[in-house]
Amino acid sequence: MDNREAKFVLNAYRPGGQDANDPRFAEALEQVRRDPVLERWFVDSITFDTAMTEKLRAIEVPPDLRENILAGAKVSRPLRWSKPFVKWAIAAALISMAILGSFIWHNTRPAYLAGWQDQALEVISTLVRNETSFDAQSRNAGELLAWLRANHAPAAQELSDNLGKLPSLGCKRFSWNGIPVSVICFMRPDGGLIHLVTTNAVPPSSRSLKTAPEFVRQDGWAIATWREGDTTYMLALEGSRDQLRTYLL
Amino acid sequence: MSATDFQRLVDRQYAPLYRFALSLSKSEADAADLTQQTFFLWASKGDQLRDRSKAKSWLFTTLYREFLGRRRHEVRFPKIELDDVREEEMSILPNVNAFDSATVLQALREVEEPFRAPLTLFYLEQFSYQKIADMLEVPIGTVMSRLSRGKALLRQRLFSKEKLLGNKVVAFQSDKRVESNG
C-alpha cells in the first residue's frame, strides 16, 4: 500500500479513534507508523475532521422545531383503541404476559448493564467524540488518581499491572442519581482506548456484584464489573472480551 | 412506543437530524420540514421496527430517503475512482477553526450531493463507513470513495472562502499555504 492509497482509506477513519480495531484500517495505520510524512498528514487530517465535527454540531436549530415535531406527531399516530372492549382485552392480555415474562426473566436473565453503567458509557462516548472535555489530563495515571482523590472524587486504590503500564489521556467526574462516579481513559498499544470507571458507593443495582469480574457484551463494548469493599469498578473497551481480560491482570 | 419514549427520542435526535437535513436541502424551512416529516413517519410506522436500538439509523435513513423522494429531477451519481482524487487535494488542509459554523455549512452545501450525504453523516454523528453504507444503501467502497473525494471537494470550497477572507486566515500547519497567503 502506498501513501496515496493509505490516505484514501484513512479518509474514512473516524477522529474519535472508534476504528482503531477495524482490520480494514490496519494496513494503512501500519503505513502511518512507518512513514513520518504520512503520520504528519494523518494527525492534520484528524484535527481537520475534529474541527469539522465541532463546527457542524454548533449549527443552531430553530427554537420551535421540537415543539412542532411533538405536536405534529400526535396527529400522525394511527388511531387505535377505538373499541373499549378490545382495549381492555388487550390490556388484560398484556398484564398477564408481563407477569409471566417477569417470572421467566427473573429466572433466566442474562448479564446486563445497570443504569450507572449505561450513563458511564454515554459519558465515555461523549469524551471519545470530543463533545465534552476531560476534567484533568495527564499521560500518567498516578497523577490523575491523585487529582481525583484531591477533589474528593472516586479513585481506584490501585491499578492492575497491565492497566498501570498504559499512558492515560485524562479523567472526568460525573454523577448518577446523586452517586459520584469517575472515569479514567487510557490509550492501548494498538491505538484503541480503554476506560476505568470507579464509584465508591455501591449502586443498588450492583449490590449483588462479587469480587470476581462479571463480563457483559453490548453494542461492540466489552465490559467487566466487580466490587472491592465499597468500591465498584467497571472496565470497558470497544473490542473483545479477551482483549479486556488482558487489562484485568 | 409511549409518548414519553417518543419525546425522549425527539430530544436526542431532532437537532442532529435537522443539521443533516440542512446540509442536504439548502433551506432552513425545507430542513425543518424534512425533520418533522421524518418524526411523523416514525410516529406512524416506527412501531414496525423491532430493534429499538436501530431507531437512530432508521431516522437518518428515512430522512435521506424522504430527501431523495422530494427531488424532482433525477441526479446521476458520477462514478468516482481513486485516480480522480488528486494527491495535492488530499495533502493540504484548510484551517476550519478560522470559520464560523455558518461558513463551514455553506462550504459543505457547495459539495455535490452524492458526496455531501456521506460526508455529513461522517462528521455530524461520526457514523462508521459501514453504517453509512447501510443507510445510503451503497457498497462500502463507494462510501470510502465518496468520503475521500468529498473531503477533497470540501477543502477546495474552504480554500476558496479562505481567499475571500484574505489575510484573516492563517493556513493550517502547512508552510506551503502560509507562503501563498503571505
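Trainee: Outline the overall build of chain B, supporting the account with residue identities and numerical values.
Mentor: Along chain B, the regular secondary structure elements total nine helices and zero strands. Listing every helix and strand of chain B by position from the N terminus yields α-α-α-α-α-α-α-α-α. Across the 182 residues of chain B, 55% fall into the buried class. Long-range contacts, defined here as pairs at least 24 residues apart, represent 70% of the contacts in chain B between residues at least 6 apart. Carbon and sulfur atoms make up 46% of the accessible area of chain B, which totals about 8700 Å².

Trainee: An account of the overall build of chain A is requested, with residue identities and associated values reported.
Mentor: When helices and strands are tallied, chain A shows nine helices and seven strands. Classification of the 249 residues of chain A by burial places 46% in the buried group. Across chain A, contacts joining residues at least 24 apart in sequence account for 55% of those joining residues at least 6 apart. Summed over all atoms, the accessible surface of chain A reaches about 13400 Å², with 55% contributed by carbon and sulfur.

Trainee: So what's going on with the confidence of the model for chain A? Residues and values would help.
Mentor: On average, residues of chain A score 82 in pLDDT, and 82% of them are at 70 or above. The secondary-structure element of chain A with the lowest mean pLDDT is helix α5 (residues 84–108) of chain A, recorded at 61, while strand β4 (residues 193–199) of chain A shows the highest, at 93.

Trainee: Before we move on, can you summarise the nonpolar core with the specific residues and values?
Mentor: If you look at the biggest cluster of nonpolar residues, it comprises 79 residues, and the most contacted ones within it are Leu10(A), Phe25(A), Met52(A), Phe6(B), Phe20(B), Phe39(B) and Leu154(B). In terms of residue count, helix α1 (residues 3–25) of chain B provides more of this core than any other element does, eleven residues in total. Discounting residues that sit within four places of it in the chain, Leu10(A) has contacts with Phe25(A), Ala28(A), Leu29(A), Val32(A), Trp41(A) and Phe42(A).

Trainee: Describe the sheet that holds strand β3 (residues 179–187) of chain A, naming the residues involved and giving the relevant values.
Mentor: Residues and elements named next belong to chain A. Ordered in space as β1-β2-β3-β4-β7-β6-β5, the seven strands form an open sheet in which the pairing is antiparallel. Because the sheet does not close on itself, it has two edges, and the strands there are β1 (136–137) and β5 (214–218). Inspection of the sheet shows β5 paired to strand β6 (residues 221–228) by five bridges, in the antiparallel sense. Its bridge partner lying in β6, glutamate 214 is registered against threonine 225. Contacts from helix α6 (residues 115–128) reach β2 (168–176), β3, β4, β5, β6 and β7 (231–238), with the element oriented near 140° to β2. Helix α7 (residues 141–150) contacts β1, β2 and β3 of the sheet and is inclined by roughly 25° relative to β2.

Trainee: I'd love a proper account of the packing of aromatic side chains, names of residues and values included.
Mentor: Aromatic ring pairs: the centre-centre distance and the angle between the two ring planes describe each pair. Residue and element names in this part refer to chain B. In the structure shown here, the tally under the stated rule is ten aromatic pairs over all chains. Considering the side-chain rings of phenylalanine 6 and phenylalanine 39, the 6.2 Å spacing of their centres and the 90° angle between planes classify their relative orientation as edge-to-face. Of this pair, phenylalanine 6 sits in helix α1 while phenylalanine 39 sits in helix α2 (residues 28–45), and the two are 33 residues apart along the sequence. A relative accessible area of 3% places phenylalanine 6 in the buried class.

Trainee: Any details on the packing of helix α3 (residues 36–57) of chain A against helix α6 (residues 113–125) of chain B? Residues and values, ideally.
Mentor: With their axes 8 Å apart at the nearest point, α3(A) and α6(B) run at an angle of 85° to one another. Between α3(A) and α6(B), the interaxial angle falls into the category roughly perpendicular. Taken together, the residues of α6(B) that come into contact with α3(A) (itself represented by Phe48(A), Asp49(A), Met52(A), Thr53(A), Leu56(A) and Arg57(A)) are Phe122(B), Tyr123(B), Leu124(B) and Glu125(B). Its residues placed into classes, the contact of α3(A) with α6(B) shows six nonpolar, one polar and three charged.

Reading the values: rules and limits
Residues numbered from 1 in each chain as written. Chains lettered and ligands numbered in written order. Predicted model: local features only at pLDDT ≥ 70, side-chain atom pairs only at ≥ 80, totals over all residues. Heavy atoms only, no water. Helix = DSSP H or I, 4+ residues; strand = E, 2+ residues; numbered from the N terminus. Buried < 20%, exposed > 50% of the residue type's maximum accessible area, 1.4 Å probe, protein only. Contact = heavy atoms within 4.5 Å. Areas by Shrake-Rupley, 256 points an atom, 1.4 Å probe, with all protein chains shown as cover. pLDDT = per-residue confidence, 0-100. Core = buried A, V, L, I, M, F, W, Y, C linked by side-chain atoms within 4.5 Å. Pairing = 2+ DSSP bridges. Axes fitted to C-alpha atoms, helices over the stretch in contact; angles between N-to-C directions. Phe/Tyr/Trp six-rings, centres within 6.5 Å; stacked < 30°, edge-to-face > 60°. Parallel < 35°, antiparallel > 145°, perpendicular 65-115°, else oblique. Nonpolar A, V, L, I, M, F, W, Y, C, P; charged D, E, K, R; others polar.

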